[in-house]
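# Architecture and fold: a report
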Amino acid sequence: MKAERTLASAPIETVAKVRVRDLVYSYGGKEVIHGITIDFAEREVTAIIGPSGCGKSTLIKSVNRIAEVASEVTVSGTVHVGDLDVYGSDVDLVELRRRVGMVFQKPNPFPKSIFDNVAFGPRLHGTTARGELADIVERSLRQAALWDEVRDRLQDSALELSGGQQQRLCIARALAVEPEVVLMDEPCSALDPIATAKIEELIHELKASYTIVIVTHNMQQAARVSDATAFLYMGRLVEFDRTSTVFTTPAKKETEDYITGRFG
């Protein structure tokens, strides 16, 4: 499947990993996403920007249906991850959330050891051999640029790590089940600048293997880490294009006003 972005520049073809079509999303009868159509390209980073309450987090949570854990939602339209119909009647939510991992705004390690945090997902999916789990834990921690810092303390509590280390551990935990897509909801908002720089560098490295979608309020971060940027306002997609285009020659006045700080 080819997706074209044509809002403000010559079309650039990408392979769509996630396809959202005419998505309408409601919490308890209140509509918060109003008919959004967007593609997230394979092995690219897409940034979702916009003011608070505009539907950014809801949009990415629609991809792995994580919002349904705590809320009553109604959805129309379609979301596909590859050939999987996310809202199909026979979808396996456990398998969906293996294929589509998520990293939240605040680090949320389990009150377990570093090893058991990373091994949690593989165990859930049936991996029990200690040697195999050890290999998965090492691979995942290396991918998250954390292995060298924790290799000698894998049995220590994850809660003893710094905030930045905890967030990278949460990334490792998501990667341990070999997802195809990684959703990140403001992953650096609780971190200091040094830890933020490490996460941004990690995102750049991970896109060689994963499709990444990141929600951020930080315009500089969106410009640094993403290949494409979507601007949402009041539950609607205002503009979607290559990041360089959105930040230099936006097609919509609302986009320009937002990224230049006139509102939001």
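These remarks concern the structure in this document. Note that this is a predicted model, so its numbers are computed, not measured.

With that settled, the discussion passes to the packing of helix 3 (residues 114-124) against helix 4 (residues 130-143). In contact at an axis separation of 9 Å, helix 3 and helix 4 are set at 110° when each is read in the N-to-C sense. Our classification of the angle between helix 3 and helix 4 gives roughly perpendicular. Note that helix 3 runs across helix 4; the crossing there is right-handed. Only Arg130, Leu133, Ala134, Ile136, Val137, Ser140 and Leu141 of helix 4 make contact with helix 3, whose side of the interface consists of Ile114, Phe115, Val118, Ala119, Pro122 and Arg123. Residues that form the contact of helix 3 with helix 4 fall into these classes: 10 nonpolar, one polar and two charged.

The biggest cluster of nonpolar side chains holds 44 residues, and the ones touching the most others in it are Ile114, Leu141, Leu169, Ile171, Met184, Ile203 and Ile212. When near neighbours in sequence (up to four residues on either side) are disregarded, Leu169 contacts Pro109, Ile114, Asn117, Val118, Leu141, Leu146, Ala158 and Leu161. If you look at the next biggest cluster of nonpolar residues, it comprises 31 residues, including Val81, Met102, Val181 and Leu183.

This part is about helix 4. When the terminal C-alpha atoms of helix 4 are compared, their 20 Å separation across 14 residues agrees well with the 20 Å that a helix rising 1.5 Å per residue should span. For helix 4, every residue scored as buried is listed here: Leu133, Ile136, Val137, Ser140 and Leu141. Viewed end-on, helix 4 has its buried residues packed into an arc of 125°, placing them on one side of the element. Considering only its buried residues, helix 4 is in contact with helix 3, helix 5 (147-150) and helix 6 (163-175). Phi turns positive, to about 55°, at Ala145, one or two residues after helix 4.

What counts as what
- Residues numbered from 1 in each chain as written.
- Predicted model: local features only at pLDDT ≥ 70, side-chain atom pairs only at ≥ 80, totals over all residues.
- Heavy atoms only, no water.
- Axes fitted to C-alpha atoms, helices over the stretch in contact; angles between N-to-C directions.
- Helix = DSSP H or I, 4+ residues; strand = E, 2+ residues; numbered from the N terminus.
- Parallel < 35°, antiparallel > 145°, perpendicular 65-115°, else oblique.
- Left-handed = near helix turned anticlockwise from the far one by under 90°.
- Contact = heavy atoms within 4.5 Å.
- Nonpolar A, V, L, I, M, F, W, Y, C, P; charged D, E, K, R; others polar.
- Core = buried A, V, L, I, M, F, W, Y, C linked by side-chain atoms within 4.5 Å.
- Buried < 20%, exposed > 50% of the residue type's maximum accessible area, 1.4 Å probe, protein only.
- Expected span 1.5 Å × (residues − 1).
- Arc of directions from axis to C-beta.

These values are about where atoms sit, not about what they do.
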